[in-house]
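# A structural walkthrough
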Amino acid sequence: MTEAETAQGHDEAHQGALGTRLNWLRAAVLGANDGIVSTAGLVVGVAGATDDRSALLTAGLAGLLAGSMSMAAGEYVSVSTQRDSEKAALAQERRELREEPEAELEELSGLLEDRGLSAEVAREAAQQLTDRDALRAHARVELGIDPDELANPWHAAGASFLAFTAGALLPLLAIVLPPASVRLYVTVGSVLAALALTGWGSARLGSAPVGAAVLRNMAGGAVAMGVTYLAGSLLGAAGV
């Protein structure tokens, strides 16, 4: 394989690793954002009905635990399904390599040629990759899977749990720690500031316009808190 091809392979590996890290960061930002908005909506809604600190703490903790467990369970199921699909695809590729090695070599050569290599160079590269590790070559080039880094459902569940919990702690602490006269203002202000930060982070990770993402995030959180506060106030006034 030529030096240029080797460099291209290194670049693709680095880009794949970078993409994986960015996906984890994006999931962490979105998980924290969910924790902020859902818990803020819950505690602000309860604050509309009562200013009892124990009630606010109980509601906030219940929301934090329910939300974080739900996020973790959902992520575990989702990533487990992805992992099962990856393992099934690798098993099929392993079977095809055993039963039709020449056809698989031609397929790999064609895929490399589609990426811009000449037919001769693509054939040589495919042969060298096959001689080194045929399954790994097909997994990466054909399937876009790294056999050494299959999706881990436990890691995903743990990351979602921690991200949601970290986000949920902010409105929970903001609603129970300050004096009753200012706790609502402190909560709304801190939540909007945090949403501005997560909006900025998600925009930067996704290479999207920052201003629009921040405004959307803050507006969504403000609407959520406004609606739940109004509902809590109405229920409190009705004595429910």
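Note: the structure precedes this text.
Residues numbered from 1 in each chain as written. Predicted model: local features only at pLDDT ≥ 70, side-chain atom pairs only at ≥ 80, totals over all residues. Heavy atoms only, no water.

This part is about the overall build of the chain. Per the secondary structure count, the chain includes seven helices and zero strands. The order of helices and strands in the chain, counted from the N terminus, is α-α-α-α-α-α-α. In the chain, buried positions account for 33% of the 240 residues. When contacts within the chain are restricted to residue pairs at least 6 apart in sequence, those whose partners lie at least 24 apart make up 71%. (Helix = DSSP H or I, 4+ residues; strand = E, 2+ residues; numbered from the N terminus. Buried < 20%, exposed > 50% of the residue type's maximum accessible area, 1.4 Å probe, protein only. Contact = heavy atoms within 4.5 Å.)

The subject of this paragraph is the nonpolar core. One finds Ile-36, Leu-56, Ile-175, Val-176, Val-191 and Met-225 to be the most contacted residues of the largest nonpolar core, which totals 16 residues. Taken together, the elements giving at least two residues each to this core come down to helix 1 (3-49), helix 2 (53-99), helix 5 (153-176) and helix 6 (183-205). Those residues within four positions of Ile-36 in sequence are excluded, and the remaining contacts are Gly-167, Ala-168, Pro-171, Val-191, Ala-194, Leu-195 and Thr-198. Of all hydrophobic cores here, the second largest spans nine residues; its members include Leu-105, Leu-117, Ala-125 and Ala-137. (Core = buried A, V, L, I, M, F, W, Y, C linked by side-chain atoms within 4.5 Å.)

When the terminal C-alpha atoms of helix 7 (residues 210-237) are compared, their 40 Å separation across 28 residues agrees well with the 40 Å that a helix rising 1.5 Å per residue should span. Listing the buried residues of helix 7 in full gives Ala-213, Val-214, Asn-217, Gly-221, Met-225 and Gly-232. (Expected span 1.5 Å × (residues − 1).)

Once that is clear, we can look at the packing of aromatic side chains. In this structure the tally under the stated criterion is one aromatic pair. Plain terms: the ring middles of Tyr-76 and Trp-154 are 4.8 Å apart, the flat faces sit at 55° to each other, and that makes the pair tilted. Placement of the pair is Tyr-76 in helix 2 and Trp-154 in helix 5, with a sequence separation of 78 residues. (Phe/Tyr/Trp six-rings, centres within 6.5 Å; stacked < 30°, edge-to-face > 60°.)

A word on the pattern of salt bridges. Tallied over the entire structure, the rule returns four salt bridges. Between Asp-133 and Arg-136 there is a salt bridge, and its shortest N-O distance comes to 3.4 Å. Placement of the pair is Asp-133 and Arg-136 together in helix 4 (residues 119-143), with a separation of three residues, close to one helical turn. The class for Arg-136 is partly exposed, based on a relative accessible area of 25%. Asp-146 serves as the salt-bridge partner of Arg-136, at 4.0 Å between the closest nitrogen and oxygen. Placement of Arg-136 in helix 4 and of Asp-146 in the loop between helix 4 and helix 5 is noted, with a sequence separation of 10 residues between them. (Salt bridge = Lys/Arg side-chain N within 4 Å of Asp/Glu carboxyl O.)

A word on the environment of Ile-145. Mapped onto the fold, Ile-145 is located in the loop between helix 4 and helix 5. The class for Ile-145 is buried, based on a relative accessible area of 10%. Contacts of Ile-145, omitting those with residues within four sequence positions, involve Glu-86, Ala-89, Leu-90, Ala-139, Arg-140 and Leu-150.

We now examine the packing of helix 3 (residues 101-114) against helix 4. It is the contact of helix 3 with helix 4, at a shortest axis distance of 8 Å, that shows an interaxial angle of 110°. Accordingly, the angle class assigned to the pair helix 3 and helix 4 is roughly perpendicular. In this structure, helix 3 uses Glu-102, Glu-104, Leu-105, Glu-106, Glu-107, Leu-108, Ser-109, Leu-111, Leu-112 and Glu-113 to contact helix 4, whose residues at the interface are Ala-119, Ala-122, Arg-123, Ala-125, Ala-126, Gln-127, Leu-129, Thr-130, Ala-137, His-138, Val-141 and Glu-142. (Axes fitted to C-alpha atoms, helices over the stretch in contact; angles between N-to-C directions. Parallel < 35°, antiparallel > 145°, perpendicular 65-115°, else oblique.)

In this section: helix 4. For helix 4, with 25 residues, the first-to-last C-alpha span of 21 Å runs short of the 36 Å given by 1.5 Å per residue. Of all the bends found along helix 4, the most pronounced is centred on Asp-133 and spans about 125°. Listing the buried residues of helix 4 in full gives Ala-122, Ala-125, Ala-126, Ala-134, Leu-135, Ala-137, His-138, Ala-139 and Val-141. Downstream of helix 4 by one or two residues, Gly-144 has phi in the positive range, about 70°. (Bend = angle between axes of the 7 residues up to and from the residue.)

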